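# Architecture and fold: a report
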Amino acid sequence: MKVLITGGAGFIGSNVVNKLYSLNHEVVVIDNLSKQIHGEVPEDSVLYKSIADKCEFHKEAVENIKDWHRYLDGVDVIVNLAAETGTGQSMYQIAKYTEINSLSTASMLEHLVTHPNNVKKVIIASSRSIYGEGEYFCEEHGRVFPKDRTVDNLNSGFFELTCPICGDNISPIGTTELAAINPQSIYAITKLNQEQLTLVACNSIGVDAIALRFQNVYGPGQSLSNPYTGILSIFSGRMLEGKDINIFEDGLESRDFVYIDDVVDSVLLAMTAGKGVNGSFNIGSGCPTTVLQVVDLLAKMYKLDPNYKVSGNYRIGDIRHNFADLSKASESLGFYPKVDLATGIEKFADWVLSQDERTSDYEKSLEELKSLGLFK
């Protein structure tokens, strides 16, 4: 099988390339080798070097491609991973995120619709962020989708959500693919754009399309220098450098952390799913973990007593809770996560300790957000 992977030198992409190479698939990669991910000398990055001799590589920005046919000759499957990531950064780089995420995907799909090709399936990396807040349960009203958190509540230190019907306390539950869509950041809006564009355009020409709504992906190989994504990387760097950790809100906000090997498995399952398997699928661990629990797990792995402060600060665009209900992915794709968080973080921590470079411009990124009124 011949597979085109956009963003194939990134964290998820490079792992997918290596897996496909081991299975003797022919792989074409397009990636701009962003310095934010790959460093000042991108060609020397570990991620790029891990795939350089395992694929046909093209260093190009997807937003600049007009003649997609150059890359599609004989391609059976497209795995579209290219995207700008980072909730906070998206809130002030609106045009950039829209161009790279939404418009480049539209350009590629337009080519598929208007030019002869052999593509049989398109897989798009979507995101749990498109839901905004996840699903909740109210004792009186059952499953509910709460309204957005207000600035007044956040400023007063009230971070949880209440039932939109009766105002009582509610509890987060696994979010299904039928949940309300309510993106809270520019990043989330562009991921929803990518997903909807892909599903609608491919359906119009009879090409199967699958959107994988990834939760928080982590594992060996993720950037330790990108200050805009990955709290495991950010917290690890600060712990090992003896720096303070600022825990936003009250530290009880939760996320669903899914290990990179499980994410790679989900991509392969989507690639090999039978004809007619289409639509959106949650990909995660199915388990919520609070930020304070993450700090405790990392500290245990590094055998450190971390310096952290629960500050009550918050970022515009962040949500409170979201973890995946995996029923649909399990039933339709055969996806079952195999790596639990304790095991995954142990593997991640061992890898971090083997790395020489762990620094990032984290403080600078917060100052940028603060200067624009996006960090309170």
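Cut-offs used in this document
- Residues numbered from 1 in each chain as written.
- Predicted model: local features only at pLDDT ≥ 70, side-chain atom pairs only at ≥ 80, totals over all residues.
- Heavy atoms only, no water.
- Core = buried A, V, L, I, M, F, W, Y, C linked by side-chain atoms within 4.5 Å.
- Buried < 20%, exposed > 50% of the residue type's maximum accessible area, 1.4 Å probe, protein only.
- Contact = heavy atoms within 4.5 Å.
- Phe/Tyr/Trp six-rings, centres within 6.5 Å; stacked < 30°, edge-to-face > 60°.
- Helix = DSSP H or I, 4+ residues; strand = E, 2+ residues; numbered from the N terminus.
- Pairing = 2+ DSSP bridges.

Take the nonpolar core next. What tends to happen in soluble globular proteins is that the nonpolar side chains get buried as a cluster. Counting residues in hydrophobic clusters, the biggest one holds 74 residues, and the most contacted among them are Ile5 and Leu212. Look past the residues within four positions of Leu212 in its chain and what remains in contact with it is Ile123, Ile124, Ala125, Ser126, Ser127, Ser266, Val267, Ala270, Phe281, Ile283 and Leu333. Grouped together as the second largest cluster of nonpolar side chains are 21 residues, Val28, Ala82, Met108 and Val119 included.

Here we come to the packing of aromatic side chains. Overall, the coordinates contain 5 aromatic pairs when judged by the stated rule. Aromatic side chains Tyr48 and Phe57 sit 5.0 Å apart centroid to centroid with 70 degrees between the ring planes, which places their arrangement in the edge-to-face category. The class of Tyr48 is buried, set by a relative accessible area of 17%. For the ring pair Phe248 and Phe375, a centre distance of 5.3 Å and an interplane angle of 50 degrees mean the geometry is tilted. Taken as a pair, Phe248 in the loop between strand S11 (245-247) and strand S12 (254-255) and Phe375 in the segment after helix H14 (362-371) lie far apart in primary sequence, 127 residues in all. Phe375 matches Phe248 in its accessibility class, with the two residues each being buried.

This brings us to the pairing of strand S14 (residues 279-283). Of all 5 residues in S14, 5 are buried, a share of seventy percent or more. Inspection of the sheet shows strand S9 (residues 208-214) paired to S14 by 5 bridges, in the parallel sense. From the neighbouring strand, Ala211 faces S14, where its bridge partner is Ser280.

One can find Ser129 in the loop between strand S5 (121-127) and strand S6 (136-138). Not counting residues within four places of it along the chain, the set of residues in contact with Ser129 comprises Pro183, Gln184, Tyr187 and Ala188.

By themselves, these figures tell us nothing about what the structure is for.
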